[in-house]
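Breakdown of the fold
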Amino acid sequence: MPREIIAAIDVGTTKICALMAAVTHDSLGNLALEMLGSGVTPSRGIRRGVVMDVPEVTAAIGEAVEEAEREAGRQMTSAYVGIAGSHIATMNSTGISPVDSRRGITGENMQQALEAARAVSLPENREVIHVIARNWKVDDQDGVQQPLGMSAIRLEVDAHIVTGTATAINNLAQCVLSHGIDIDEFVLEPLASGEAVLTPEEKQMGVIMADIGGGTTDLALFRNHGLWHTTVLDVGGNHLTRDVAVGLRAPFEVAEDLKLRYGHLNPERIAADEQVWAKVFGDRSERTFSRRFISQILEARGEEICDLIKEKVEESSYAQMVPAGVVLTGGSSQLPGFVEMARRRFNMPVRIGHPGQHLPIQGLSRELQKPSFATSVGLLLWGLREDQRALHAPVYTESGESVWLNRMGRWLRGLLPD
Ligand SMILES: Nc1ncnc2c1ncn2[C@@H]1O[C@H](COP(=O)(O)OP(=O)(O)OP(=O)(O)O)[C@@H](O)[C@H]1O
Ligand SMILES: [Mg+2]
């Protein structure tokens, strides 16, 4: 049975977003979502995607959740929670499960192969967040997408393992659990964003998604419908704002406002004599600034962000694997001129990814269709997919519980120390 409600908490560097949706069916009878409520608050206590101040983050999450609950008219009891930041590390690993040739490949074989892949030795203070199957090998046959039920004697999985430091994970868990909300699963933010903004064709062909947020830029490479590579870069929209603040000798808030209202990544598109106004604290009247100068500042940092992305992709040696190019998302991707700049720097197709109307979600507001909400909306879709998996490929443990819905990722508030 699918659950009635799916909820998401996206703890970003600039905003915290809580969403609640009801599980329904679309006209074809497929599982779908209907938005019930949303809450967004400015973020505090987070730096570069990591919790720096537990009480502050807890309070901010509380505000976003309350707003969502009020609109939904019901309580949030559990949620999918996004995780990111420079503490995230990834590696590849393989796992094998012998198959009983009379029964064929069972869900237990798949689970066993994944568990074997997961059994890598990790440095102390590191925990596994995801074990994602990149590729299934059935006997010697490579690239099998759904091995369930196939006859074989051996099943092998190439898995992508995502880990984080136990401290960062526990701190974030505490901020959510202390509101009486269980954590269905921690989901790596770029994986969630990928759910919301990529098409199945892009994920099949090979695509890079870059979620350029406030404090970080999350990169993920998808291919053959699977995740191949992920990286988190310590750079985002706050750096663009900070550069403007330094360049104009203006406070951060003024620079942010100027960036949002007049920012453009291509100074040549801005008339040389165009002036813009802003009130700077301490000044009696408004000051004027050259809009082209602001654009020149943004261009320099924008190019640096593009080059960092390119470098990371080339480092991973997967650059040849992405014919579908790059999909930019996250709040900062809305800066005018980003697509053109990225096309020039990457020499690849580039588009902006919106968590838009193509998704199986009814009642998604215009605000939530902005690229800033790719992760938040993607977390709901991740939850929905867990339900779909449970329906289509039920895998049961000896105790009769569905493994997919009761995986190692679940954090229960009852486990929180008093
Ligand atoms: N229209 C816009 N033009 C330019 N920048 C924008 C626009 N809207 C939002 N931003 C920038 O996007 C950033 C916030 O993006 P987003 O909401 O995706 O970040 P976040 O999820 O809070 O942070 P992170 O994912 O990095 O932890 C801010 O730096 C903000 O200035
Ligand atoms: Mg984000």
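Residues numbered from 1 in each chain as written. Chains lettered and ligands numbered in written order. Predicted model: local features only at pLDDT ≥ 70, side-chain atom pairs only at ≥ 80, totals over all residues. Heavy atoms only, no water.

Here we look at the pairing of strand β15 (residues 275-279)
What you see with β15 is a clean split: V276 and A278 sit on the buried side and Q275, W277 and K279 on the side with no burial. In this structure, β15 lies alongside strand β16 (residues 286-290), joined through 5 bridges in antiparallel fashion. By the bridge assignment, V276 is partnered in β16 with F289. (Buried < 20%, exposed > 50% of the residue type's maximum accessible area, 1.4 Å probe, protein only. Helix = DSSP H or I, 4+ residues; strand = E, 2+ residues; numbered from the N terminus. Pairing = 2+ DSSP bridges.)

Looking at the sheet that holds strand β12 (residues 207-212)
Pairing is mixed across the open sheet formed by 5 strands, whose spatial order is β14-β13-β12-β17-β18. One side of each edge strand has no neighbouring strand; the edge strands of this open sheet are β14 (226-233) and β18 (350-352). Across this sheet, the average inter-strand angle for adjacent strands is 20°, counted without regard to direction. Across 3 bridges, the pairing between strand β17 (residues 326-329) and β18 is parallel. Looking at the pairing, V327 lines up with R351 of β18. Each of β12, β13 (217-223), β14, β17 and β18 touches helix α4 (residues 189-197); the most contacted strand, β13, lies at about 60° to it. This element, helix α9 (residues 338-346), spans β12, β17 and β18 of the sheet and lies at about 155° to β18. (Axes fitted to C-alpha atoms, helices over the stretch in contact; angles between N-to-C directions. Contact = heavy atoms within 4.5 Å.)

Some words on the sheet that holds strand β11 (residues 182-188)
Taken in spatial order, the 6 strands line up as β11-β6-β1-β2-β3-β19 in an open sheet, and their pairing is mixed. The sheet is open, and its two borders are formed by β11 and β19 (361-362), each paired with just one other strand. As paired elements, strand β2 (residues 15-25) and strand β3 (residues 31-42) share 11 bridges and run antiparallel to each other. In the sheet register, M20 faces β3, and the bridge partner there is G37. Helix-sheet contacts for helix α1 (residues 54-72) involve β1 (5-11), β2 and β3, and the interaxial angle to β3 is about 135°.

Here's the deal with the site of ligand 1
By nearness alone, 19 residues border ligand 1, and T13, T14, K15, E256 and K259 come closest of all. G215 places a polar main-chain atom, nitrogen or oxygen, 2.9 Å from an oxygen atom of ligand 1. Contact between ligand 1 and Q334: a nitrogen atom at 3.4 Å from a side-chain N or O atom of the residue. Considering ligand 1 on its own, with 660 Å² of exposed area, one finds that the protein chains cover 88% of that surface. When residues of the shell around ligand 1 are traced back to their parent elements, those giving at least two are α6 (237-248) and α7 (252-262). Here the shell around ligand 1 takes 3 residues from α7, the largest share from any one element. Its residues placed into classes, the shell around ligand 1 shows 2 nonpolar, 14 polar and 3 charged. Summarising the domain contributions, the shell around ligand 1 has at least three residues from each of domain 1 (1-88 + 164-198 + 355-418) and domain 3 (199-352). (Near = heavy atom within 4 Å. Polar contact = N/O pair within 3.5 Å; in protein donor to acceptor, adjacent residues only side chain to side chain. Areas by Shrake-Rupley, 256 points an atom, 1.4 Å probe, with all protein chains shown as cover. Nonpolar A, V, L, I, M, F, W, Y, C, P; charged D, E, K, R; others polar. Domains from an automatic or database assignment.)

A closer look at unusual backbone geometry
Although it is not a glycine, R48 sits at a positive phi angle of roughly 50°. Relative to the helices and strands, R48 is located in the loop between β4 (46-47) and β5 (50-51). Look at R48 and you get partly exposed, because its relative accessible area is 37%. With a phi angle near 60°, N347 is a residue other than glycine that sits in the positive phi range. Within the element layout of this structure, N347 appears in the loop between α9 and β18.

Some points on the pairing of β12
With 6 of 6 residues buried, β12 lies mostly within the body of the structure. Bridge count for β12 against β13 is 6 bridges, and the pairing is antiparallel. For I208, the partnering residue across the bridge sits in β13 and is L221. The turn linking β12 back onto β13 is made up of 4 residues.

What about the domain arrangement of the protein?
For an interface, size is often stated in terms of accessible area lost upon the parts coming together. Here the protein is described as being made up of domain 1 (1-88 + 164-198 + 355-418), domain 2 (89-163) and domain 3 (199-352). Note on domain 1 versus domain 2: buried area summed over both sides is about 1500 Å², and carbon and sulfur give 61% of it. At the junction of domain 1 with domain 2, the criterion picks out 0 salt bridges. Scanning the region where domain 1 abuts domain 2 turns up 5 residue pairs in polar contact (both at pLDDT 80 or more). Residue assignment for the side of domain 1 that touches domain 2 shows that the elements contributing at least two residues are β10 (154-165), α3 (166-177) and β11. (Buried area = accessible area lost by both parts, 1.4 Å probe. Salt bridge = Lys/Arg side-chain N within 4 Å of Asp/Glu carboxyl O.)

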